[in-house]
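Close look at the chain arrangement
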Amino acid sequence: MKNIVKILLADDDMEDRFIMQDAFAAINLSEVPLLVEDGEKALEYLADTHASAGVMPSLVVLDLNMPRLSGTQTLRELKSKDAYKDIPVIIFSSSLNVIEMHECKQLGALSYMVKPFTYEEYLLSAQHFYDFCLKKHSFPEFNSLINNFK
């Protein structure tokens, strides 16, 4: 049976969502990302998917600064629920705040990525997210990330 990869990405910036969708399409993976505009929508999606016994995402990618439910708040909710606590979560933010990195690590995020600056970097990020789901890529550990920004 073919491995079904779905990546749930929550980001309030419509342009960032569009670029990420385009990046996945450019690498022939347009069916992989599930894009929502905030953490609240991400939790709703997961609840609906869980209730309908659909395919749960292999990875959740959260923007840090979102209205209604921030990336940190969403992460806290995900890790507090048995149904979702084992889904890997990557924080994907334009912020380089070491304090926020520590908090995300404490809450159970797998890693923290700074959003790309170029389209080529978006392509690479999309490929890395996908490859991670296939166990062909690993993200830097928090300790090495935090040490890089001290």
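Everything numeric in this text was worked out from a predicted model, so none of it was measured.

Comments concerning the overall build of the protein chain
- Within the protein chain, the regular secondary structure consists of six helices and five strands.
- Along the protein chain, helices (α) and strands (β) appear in the sequence β-α-β-α-β-α-β-α-β-α-α when read from the amino end.
- The globule rule puts the C-alpha radius of gyration for 150 residues at 15 Å, and the 14 Å found for the protein chain is close to it.
- When the backbone C-alpha atoms are referred to their principal axes, the protein chain occupies close to 45 × 35 × 30 Å.
- Here the protein chain holds 150 residues, and 45% of them are scored as buried.
- Put simply, of all contacts in the protein chain between residues at least 6 apart along the chain, 69% involve residues at least 24 apart.
- As displayed, the protein chain offers around 7,900 Å² of accessible surface, 52% of which is attributable to carbon and sulfur atoms.
- The distance from the centre of the 14 positive side-chain charges to the centre of the 22 negative ones in the protein chain is 7 Å.

Examining unusual backbone geometry
- Its identity is not glycine, yet Asn28 carries a phi of approximately 60°, on the positive side.
- A positive phi is found at Arg68, a non-glycine position, where the angle reads about 65°.
- Checked against the element boundaries, Arg68 lands in the loop between β3 (59-62) and α3 (71-80).

Overview of the UniProt feature "modified residue: 4-aspartylphosphate" (unreviewed entry) in the protein chain
- Annotation from UniProt places "modified residue: 4-aspartylphosphate" (unreviewed entry) at Asp63.
- Its location among the elements puts Asp63 in the loop between β3 and α3.
- Leaving out residues up to four positions away in the same chain, Asp63 has contacts with Ala10, Asp11, Asp12, Gly71, Phe92, Ser93 and Lys115.

Remarks on the pattern of salt bridges
- This structure, assessed with the given rule, holds nine salt bridges.
- When the shortest N-O distance is used, the salt bridge between Arg68 and Asp38 registers 2.8 Å. Residue Arg68 is found in the loop between β3 and α3, and its partner Asp38 is found in the loop between β2 (33-36) and α2 (39-51); the two are separated by 30 residues along the sequence.
- On the basis of relative accessibility, which here comes to 52%, the residue Arg68 falls in the exposed class.

The rules we used
- Residues numbered from 1 in each chain as written.
- Predicted model: local features only at pLDDT ≥ 70, side-chain atom pairs only at ≥ 80, totals over all residues.
- Heavy atoms only, no water.
- Helix = DSSP H or I, 4+ residues; strand = E, 2+ residues; numbered from the N terminus.
- Rg over C-alpha atoms; globule rule 2.2 N^0.38 Å.
- Buried < 20%, exposed > 50% of the residue type's maximum accessible area, 1.4 Å probe, protein only.
- Contact = heavy atoms within 4.5 Å.
- Areas by Shrake-Rupley, 256 points an atom, 1.4 Å probe, with all protein chains shown as cover.
- Lys, Arg positive; Asp, Glu negative; His and termini not counted.
- Charge placed at Lys NZ, Arg CZ, Asp CG, Glu CD.
- UniProt positions renumbered as here; feature names shortened; annotations may be inferred.
- Salt bridge = Lys/Arg side-chain N within 4 Å of Asp/Glu carboxyl O.

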